Amino acid sequence: MNKKPDATQRKTLVVDPIHEEAVRYLSEHGFNVKIELFPDPEKLVGLLQDYDILICRTNTKLPNSFFAAVPHLTCVALASTGYDQIDLAAATKHNTAIIGLPSDNKNID
C-alpha cells in the first residue's frame with residue numbers, strides 16, 4: 001500500500017463543478033487543488049498520475065479499469081450522493097477510499 005502524504009502534500013484534482021468555497025477551504029487547509037472540468041476518460045487517467053485525490057460528481061464514471069490505471073490515487077470524494085458510477089469493489093481492491101454526501105442532505109443540488 002502506498003504511504004499517504006499529509007494534507008499539505010495532497011494533490012487534489014477537481015473534474016466536475018463544485019462550490020468555489022469548497023475549493024477555497026481545501027486550498028486554505030494545505031491541499032494543492034487543480035480544476036480541470038469534464039476531461040474525457042483517457043485524459044482523466046493521464047491527469048491523475050500525480051494526484052492523490054479526485055473530486056467529482058455523478059458525471060464522472062469510474063469503472064474497474066480506472067482504479068488499476070491510477071496507482072497513486074488514495075481517495076475519491078463525491079460531491080453528490082450515490083455510488084452507481086463507481087466500481088466500489090475495484091476501489092477497495094486498489095486501496096482507494098470513496099467518500100460522498102449523505103443521501104438525506106437536503107442542501108445539495
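Preceding block: the structure.
Residues numbered from 1 in each chain as written. Predicted model: local features only at pLDDT ≥ 70, side-chain atom pairs only at ≥ 80, totals over all residues. Heavy atoms only, no water.

Tallying secondary structure elements over the protein chain gives four helices and five strands in all. Starting at the N terminus and walking to the C terminus, you meet the elements of the protein chain as β-α-β-α-β-α-β-α-β. Of all 109 residues assigned to the protein chain, the portion counted as buried reaches 33%. Here the contacts in the protein chain between residues at least 6 apart in sequence split such that 34% fall between residues at least 24 apart. Only carbon and sulfur atoms are counted for the fraction: they give 52% of the accessible area of the protein chain, which is about 6700 Å². (Helix = DSSP H or I, 4+ residues; strand = E, 2+ residues; numbered from the N terminus. Buried < 20%, exposed > 50% of the residue type's maximum accessible area, 1.4 Å probe, protein only. Contact = heavy atoms within 4.5 Å. Areas by Shrake-Rupley, 256 points an atom, 1.4 Å probe, with all protein chains shown as cover.)

Pairing within the open sheet is parallel, and its five strands lie in the order β2-β1-β3-β4-β5. This sheet does not close on itself; its edge strands, each paired only once, are β2 (32-35) and β5 (97-99). On average, adjacent strands in this sheet sit at an angle of 20 degrees to one another, irrespective of strand direction. Of the strand pairs in this sheet, strand β1 (residues 11-14) and strand β3 (residues 53-56) are connected by three bridges, and their pairing is parallel. Each bridged residue has a counterpart across the sheet, and for Thr 12 the counterpart in β3 is Ile 53. (Pairing = 2+ DSSP bridges. Axes fitted to C-alpha atoms, helices over the stretch in contact; angles between N-to-C directions.)

Another aspect to go through is the pattern of salt bridges. Tallied over the full model, the rule gives three salt bridges. For the salt bridge of Glu 20 with Arg 24, the shortest nitrogen-to-oxygen distance reads 3.7 Å. Placement of the pair is Glu 20 and Arg 24 together in helix α1 (residues 20-28), with a separation of four residues, close to one helical turn. In this structure, Glu 36 and Lys 43 form a salt bridge, with 2.9 Å as the shortest nitrogen-oxygen distance. The network of salt bridges with common partners includes Glu 20, Glu 21 and Arg 24. (Salt bridge = Lys/Arg side-chain N within 4 Å of Asp/Glu carboxyl O.)

With a phi close to 55 degrees, Phe 38 is a non-glycine residue in the positive phi region. Structurally, the position occupied by Phe 38 is in the loop between β2 and α2 (41-47). One non-glycine residue, Asn 95, lies in positive phi territory at about 55 degrees. Examined against the element boundaries, Asn 95 turns out to sit in the loop between α4 (88-93) and β5.

Under the counting rule described, the total for this entry stands at one aromatic pair. Geometrically, the ring pair formed by Phe 66 and Phe 67 is edge-to-face, given 5.0 Å between the ring centres and 85 degrees between the ring planes. The ring of Tyr 51 is capped by Lys 11, whose NZ or CZ atom sits 4.8 Å from the centre of that ring. (Phe/Tyr/Trp six-rings, centres within 6.5 Å; stacked < 30°, edge-to-face > 60°. Lys NZ or Arg CZ within 6 Å of the ring centre and 35° of its normal.)

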